[in-house]
Amino acid sequence: DTAVSQTPKYLVTQMGNDKSIKCEQNLGHDTMYWYKQDSKKFLKIMFSYNNKELIINETVPNRFSPKSPDKAHLNLHINSLELGDSAVYFCASSQDGGTGDETQYFGPGTRLLVL
Amino acid sequence: LAKTTQPISMDSYEGQEVNITCSHNNIATNDYITWYQQFPSQGPRFIIQGYKTKVTNEVASLFIPADRKSSTLSLPRVSLSDTAVYYCLVGDMEGNYQLIWGAGTKLIIKP
């Protein structure tokens, strides 16, 4: 019974293609996140949604577009994929306790390789 | 601009206590300090969180001095299974919605 799930787990594609990664959480959390982890293991937050509203939008190319159809889902669409997009993408969620100390629960990651 | 700094790597031996320190000089008033553990091919996992002084749970302790400009994760009596990357996170999801992750410390435990 996975708390935060992502699909697909692996994604190999050609430069210039458009792809989507899906994320779902069954924890009843209000906030969801997308992270990019590069080969040096740096974790970089990309976006965060709270109750379907965008609250963090870091400096990422506009080829990346998050979509939150409901608070349990946060999908990431990437247009015109580039070699530098190759990384592991993690989805996470946290409960909006209103105190600033929310624990994040991470998915297993999607390993994207752009050829 | 807030920034967190932690050692790139550390080695230790089974049964020892390991302390990993994170520097966060520009921590804001409302920021919490959280530590995560990541094993290969997995997402990060929450270990411990604190705001000030000392916090202890079943797996670790977190020491935060009065000025809150650094924090130390303490792992008592480590085992081989504690080999992982440990991340320090400073952030606030209530006020300024900023999350500043450290670069991670790769901890290797030897027999």
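Right above here is the structure, for reference.
Residues numbered from 1 in each chain as written. Chains lettered and ligands numbered in written order. Predicted model: local features only at pLDDT ≥ 70, side-chain atom pairs only at ≥ 80, totals over all residues. Heavy atoms only, no water.

**Q** Sorry, what's going on with unusual backbone geometry here?
**A** With the exception of glycine, most residues fall at negative phi, and the peptide bonds are largely trans. Thr7(A) connects to Pro8(A) through a cis peptide bond whose omega is -5°. Mapped onto the fold, Pro8(A) is located in the loop between strand S1 (4-7) and strand S2 (10-13). One non-glycine residue, Lys52(A), lies in the positive phi region at around 70°. Phi is positive for Arg77(B), which is not a glycine, with a value near 45°. In this structure, Arg77(B) sits in the loop between strand S7 (70-75) and strand S8 (84-92). (Helix = DSSP H or I, 4+ residues; strand = E, 2+ residues; numbered from the N terminus.)

**Q** Is there a simple way to explain the state of the cysteines in this structure?
**A** Each disulfide consists of a covalent bond between the sulfur atoms of two cysteine residues. Applying the stated criterion to the full structure yields 2 disulfides over all chains. The side chain of Cys23(A) participates in a disulfide bridge whose partner is Cys91(A); the two sulfur atoms lie 1.8 Å from each other. An S-S torsion of about -75° defines the bridge between Cys23(A) and Cys91(A) as left-handed. Here Cys23(A) is found in strand S3 (residues 19-25), whereas its partner Cys91(A) is found in strand S9 (residues 87-94), with 68 residues between them in sequence. The class for Cys23(A) is buried, based on a relative accessible area of 1%. Covalently, Cys22(B) is tied to Cys88(B) through a disulfide, its sulfur atoms 2.2 Å apart. (Disulfide = S-S within 2.5 Å. Buried < 20%, exposed > 50% of the residue type's maximum accessible area, 1.4 Å probe, protein only.)

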